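Working through the structure, step by step
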Amino acid sequence: MKKNCLDPERQQMLTEYIQSLTTSSVNYDNRGKYIDAVYRFLDSAEEVSRRGWKRWKKAHAEELIYMPWVQDAVCNLLASRGIGYKPKREQPGKARYIDKIEKRDVRQTETINSFLLWLENEREYSPNTLRIYSYSVRDFFSYFDEFNQDNARRYIAALEEKGNNPKTIRLRITSLEKLGDYLKKPVKLKRPKIQKTLSVENIPTEAEYNKLLAYCDEHAPKWAYIIRLLGTTGCRVSELIQFTYEQIQAGSCDLKGKGSKYRRFFFTKQVQDGAKGKSGYVCMNRYGSQISTRGIAQELKNLGTKCGIAKEKMHPHAFRHFFAKMYLKKTKDVVSLADILGHGSVDITRIYLQKSYDEQKREVNRVVNW
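What counts as what
- Residue positions are counted from 1 within each chain, in the order its sequence is given.
- Per-residue local features of the predicted model are confined to residues with pLDDT of at least 70, and side-chain atom pairs are confined, for both listing and counting, to 80 or more; whole-chain, interface and lining totals are unaffected and use all residues.
- Computation of side-chain values covers all heavy atoms of the structure but excludes hydrogens and water.
- Helix and strand definitions follow DSSP, with helices as H or I runs of at least four residues and strands as E runs of at least two, each counted in order from the N terminus.
- Note on classification: 1.4 Å probe, protein chains only; a residue is buried when its accessible area is under 20% of the maximum for its type, exposed when over 50%, partly exposed between these limits.
- When checking whether two residues touch, look at their non-hydrogen atoms; a contact exists if any pair is within 4.5 Å.
- In these tables, accessible area is a Shrake-Rupley quantity obtained with a 1.4 Å probe, and a residue counts as shielded only by the protein chains included in the view.
- What counts as an axis is a line fitted to C-alpha atoms, over the stretch in contact for a helix, and the angles between N-to-C directions run from 0 to 180 degrees.
- We call two directions roughly parallel when the angle between them is under 35 degrees, roughly antiparallel when it is over 145, roughly perpendicular when it lies between 65 and 115, and oblique otherwise.
- Side-chain atoms within 4.5 Å link the members of a nonpolar core, which is a set of buried Ala, Val, Leu, Ile, Met, Phe, Trp, Tyr and Cys residues.
- Pairs were defined over the aromatic rings of Phe, Tyr and Trp, the Trp ring being its six-membered one, requiring ring centres within 6.5 Å. Orientation was assigned from the angle between planes: stacked under 30 degrees, edge-to-face over 60, tilted for the rest.
- Any Lys NZ or Arg CZ found within 6 Å of a ring centre and within 35 degrees of that ring's normal is scored as a charge over the ring.

The helix and strand inventory of the protein chain stands at 19 helices and two strands. The 370 residues of the protein chain split such that 40% are buried. Taking the intrachain contacts of the protein chain between residues at least 6 apart in sequence as the baseline, contacts between residues at least 24 apart amount to 58%. Approximately 21,800 Å² of the protein chain is accessible, and the part contributed by carbon and sulfur atoms is 50%.

Okay, here's the thing in structure tokens:
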């Protein structure tokens, strides 16, 4: 390190930082590098602040690529002085340096209620979606009274700190962004990346599908019809409960589904024939009320148990996956399938090109003969 030429105030900052390293998890070999990095920052930065760090970082961007510990060290310094930064690269066991936020009573009930009413009236979101948004914004306001970019970032950082699932964090971010739209205070938050996967192991095989239908045709004809609808349209369960016999008899219909998007459904000749002479919603219980999505899921599990089909394969969405696999098997047309399923991107639909364990095993045994 160079001969000390810091002013007294910054010299005190350096001294306090060196003292903090003695009780930190930074190993002994790295402490010298951290001290040197902080010294260089204090020696040449315009000010010891977020703005000063951003300007210094911009001026030294190239060398920081080769010395990433410099950023860790300076962020540690700023965090220790209550500025709120945390290191970009954490070492195992090292304490994180985000601002600590604590829960308290929610004071923004009126804002939450008006926001949810706006979503319902203007965006026409479903009750399930509204519940997600309600929980998300209420959780945010249990930490903060004011909605702004900085508080939104601190909230998401706290969720990451607690180890929340990336999918949960993405839902919270979407909710905050919509709240920003409503309040006319737009926020921009970085979403954690999620690898798009689909367990192709938990999709009914063609044989299991036919076995289930044969059982239901004999013992539960109404459910045989519902299962055929699921398996031949690729509908979501929220869309299934909207089908009427009149729509099916017409051969096709347009329904609003996930994300308030309209999608067209086509019905096979066999399904149309089963709707003749009937009217009203298809998914009705014995009391004359619509079957809930949860009720459909439970009954599928019951039927699967009676047929000896694993319960992991007996849920409504599994039949949407079944439809996709069968459609690709027959047509090999991913683009057409994406349109039928209502996917915004063909990349989502490509998931169905994966092979299950048994399919991979058969394929290897068939082609590997060397």
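This part covers the packing of helix H11 (residues 221-233) against helix H16 (residues 316-331). The contact between H11 and H16 brings their axes to 6 Å, and the two run at 45°. As judged from the angle between their axes, H11 and H16 are oblique. For the pair formed by H11 and H16, the contact residues are Ile227, Leu230, Gly231, Thr232 and Thr233 on the first element and Pro316, Phe319, Phe322 and Phe323 on the second.

Soluble, globular proteins show a tendency: their nonpolar side chains are buried together. Counting 37 residues, the largest nonpolar core has Leu212, Ile227, Leu229, Leu240, Phe243 and Ile248 as the members making the most contacts within it. In terms of residues, this core owes the most to one element, H11, which gives seven residues. For Leu240, the contacting residues outside a window of four places in its chain are Ile226, Leu229, Leu230, Cys235, Cys283 and Ile296.

Moving on to the packing of aromatic side chains. Summed over all chains, the structure comprises 19 aromatic pairs. The interplanar angle of 75° and the centroid separation of 6.1 Å between the aromatic rings of Phe41 and Trp53 together place this pair among those described as edge-to-face. Taken as a pair, Phe41 in helix H2 (residues 28-44) and Trp53 in helix H3 (residues 50-59) lie far apart in primary sequence, 12 residues in all. Note on Phe41: relative accessible area 0%, which makes it buried. Their ring planes at 35° and their centres at 6.0 Å tell us that Tyr225 and Tyr245 sit as a pair that is tilted. Of this pair, Tyr225 sits in helix H11 while Tyr245 sits in helix H13 (residues 245-250), placing them 20 residues apart in sequence. Of the residues examined, Tyr245 reaches a relative accessible area of 10% and is grouped as buried. We note Lys33 situated over the ring of Trp69; from NZ or CZ to the ring centre the distance is 4.0 Å. Note that Lys278 overlies the ring of Tyr225, its terminal NZ or CZ placed 5.8 Å from the centroid.

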